[in-house]
Amino acid sequence: MILEKTFHLSVGREARIVVKGQVARNRSEIIIDYEFLIREKHDADFRAPIGPNHPQYWKLKKSTPEKAQLLQLEYSGISRKQLREVTREFKRLAGPGYTFRYQNEIEERTKYLKGIRVSATSRRMLSVA
């Protein structure tokens, strides 16, 4: 089961959260995994927030899968509220009777995740560009 949700961020960027659920062997448990993608105004397709030209790319490659996913989440601009919203929607679509387990315990580790904050001046400059 896959759920994709796109959010329009205040800096002219779109962020997409892809939630993938895989039914475990006991068929009453779903394992949840996330993927984070972004698209700038001028881009045609969604891409990973940290690519080969990004300054944090080598840190990403040296990290464990869990830390790499947290780094991608941090640079995507998605807030904790948006992440919770998508997770709730995924659980609702899966239906009752399932227990959920996370591939990487990402929700517990997003305590200080705020998303992208833009001042009024920056917002005006972005709208003119």
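Here we summarise the structure given alongside this text. (Residues numbered from 1 in each chain as written. Predicted model: local features only at pLDDT ≥ 70, side-chain atom pairs only at ≥ 80, totals over all residues. Heavy atoms only, no water.)

## Topic: the sheet that holds strand 2 (residues 14-23)
Condition: One requirement defines pairing of two strands: DSSP has to find at least two bridges between them. Note on conventions: DSSP H or I runs of at least 4 residues are helices, E runs of at least 2 residues are strands, and numbering of each starts at the N terminus. Angles shown run from 0 to 180 degrees and are taken between the N-to-C directions of axes, each axis being a line fitted to C-alpha atoms and, for helices, limited to the stretch in contact. Note on contacts: a residue pair is in contact if any heavy atoms of the two residues lie within 4.5 Å.
Read across the sheet, 4 strands follow the order 1-2-3-4 without closing on themselves; strand pairing throughout is mixed. Only two strands of the sheet have a single neighbouring strand rather than two, namely strand 1 (2-8) and strand 4 (99-102). Neighbour to neighbour, the strand axes of the sheet diverge by 30° on average, direction disregarded. As defined by bridge partners, strand 2 adjoins strand 3 (residues 29-39) across 10 bridges and the pair is classed as antiparallel. In the sheet register, Val18 faces strand 3, and the bridge partner there is Glu35. In the packing of helix 3 (residues 80-94) onto the sheet, contacts are made with strand 1, strand 2, strand 3 and strand 4, and the angle to strand 1 comes to roughly 150°.

## Considerations on the nonpolar core
Selection criterion: Buried Ala, Val, Leu, Ile, Met, Phe, Trp, Tyr and Cys residues form a nonpolar core when they are joined through side-chain atoms within 4.5 Å. To sort residues, take the accessible area from a 1.4 Å probe on protein chains only and compare it with the maximum for the residue type: under 20% means buried, over 50% means exposed, and anything in between is partly exposed.
Ranked by internal contacts, the top residues of the largest apolar core, which has 17 residues, are Ile17, Val19, Ile32, Tyr34 and Phe36. Secondary-structure elements contributing two or more residues to this core are strand 1, strand 2, strand 3 and helix 3. By size, the runner-up hydrophobic cluster in this structure holds 5 residues, among which are Tyr57, Leu60, Ala68 and Leu71.

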